[in-house]
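Listed below, chain by chain, are the residues.
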Amino acid sequence: MTKEVMNFEISNYNIQEANSTYAVVRADIVNVGKNYNQTNFSKKAIEEAIPSILNTPLIGIYNGITRDFKSHAHSEAEQRQTYAVGVIPESANPHFEIRDNGLEYLVVDMVVWKNYFPQFFDRMAENEEDGKKTTISMEVMANETQKMEDGTIDVKKFEFIGICLLGEDVKPRNSRRWIKSD
């Protein structure tokens, strides 16, 4: 059986200081309905996937020269450069909120470890202060999809597999890859 891994960009988050070793980041993870990248997530599908987001890692590749994040790992070498810099804990408080744009989002609290990888948190904090916001990308495993009449992919069943920090020069886009699974 093949499954599709999809990546989706997240732009709305707020850093909430917790203590000197970690920070809590509240983020909009996925919106209910059609997305700008030709996919659709029903509220039911999102609700069914919520258990899979708990204990999901916050990952990233950091470029010390540019002092910014890279993209998703696309090769074995990049996978070795990827660090888990946080987690979506079991206390993530997953819930839905409606934003000013009228869309309803799944919102969770992520923990970013400040003391183990300070450059990751510092870059996020600097970007937030400058009003740039670090792009965060949701990685999901699409277990069941169906193409809608308008060409949109309706993601009926999925699992969260990671949340990735992206650099300023990474163009927001939906990317997909197929993997073989048992």
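This one's a predicted model, so the numbers in the text were calculated from it and none came from an experiment.

Asker: Before we go on, may I ask you to explain the pairing of strand β12 (residues 135–147) in this structure?
Answerer: For a regular strand, the rule is simple: side chains alternate between the two faces of the sheet. Two strands pair when backbone bridges link them, and β12 and strand β13 (residues 153–166) are joined in this way by 12 bridges, in the antiparallel orientation. Considered in β13, the bridge of T145 is made with V155. From the end of β12 to the start of β13, which pair antiparallel, there are five residues, and G151 there has a positive phi angle of about 95°.

Asker: Would you mind going over the nonpolar core with me for this structure?
Answerer: Grouped burial of nonpolar side chains is what soluble globular proteins tend to show. I29, M110, M124, F158 and F160 are the most contacted members of the largest nonpolar core, which totals 38 residues. No other element matches the six residues that β13 contributes to this core. Aside from chain neighbours lying at most four places away, what touches F158 is F41, A45, I46, A49, V140, M141, A142 and N143.

Asker: Is there a simple way to explain the pattern of salt bridges in this structure?
Answerer: Working definition: two side chains of opposite charge can pair if their charged atoms are close together. The full count for this structure, using the stated rule, is seven salt bridges. With a shortest N-O distance of 2.8 Å, R99 and D28 are connected by a salt bridge. Of this pair, R99 sits in the loop between β10 (95–98) and β11 (104–113) while D28 sits in strand β3 (residues 22–31), placing them 71 residues apart in sequence. By relative accessible area, D28 is classed as buried at 4%. Measuring nitrogen to oxygen at the nearest pair gives 2.8 Å for the salt bridge that ties E104 to K43. On the criterion of sequence distance, the pair formed by E104 in strand β11 and K43 in helix α1 (residues 43–53) is long-range, its members being 61 residues apart. Taking relative accessible area as the criterion, K43 reaches 30% and is therefore assigned partly exposed. It is possible to trace a salt-bridge network through shared partners that takes in D28, E97 and R99.

Criteria and cut-off values
Residues numbered from 1 in each chain as written. Predicted model: local features only at pLDDT ≥ 70, side-chain atom pairs only at ≥ 80, totals over all residues. Heavy atoms only, no water. Pairing = 2+ DSSP bridges. Helix = DSSP H or I, 4+ residues; strand = E, 2+ residues; numbered from the N terminus. Core = buried A, V, L, I, M, F, W, Y, C linked by side-chain atoms within 4.5 Å. Buried < 20%, exposed > 50% of the residue type's maximum accessible area, 1.4 Å probe, protein only. Contact = heavy atoms within 4.5 Å. Salt bridge = Lys/Arg side-chain N within 4 Å of Asp/Glu carboxyl O.

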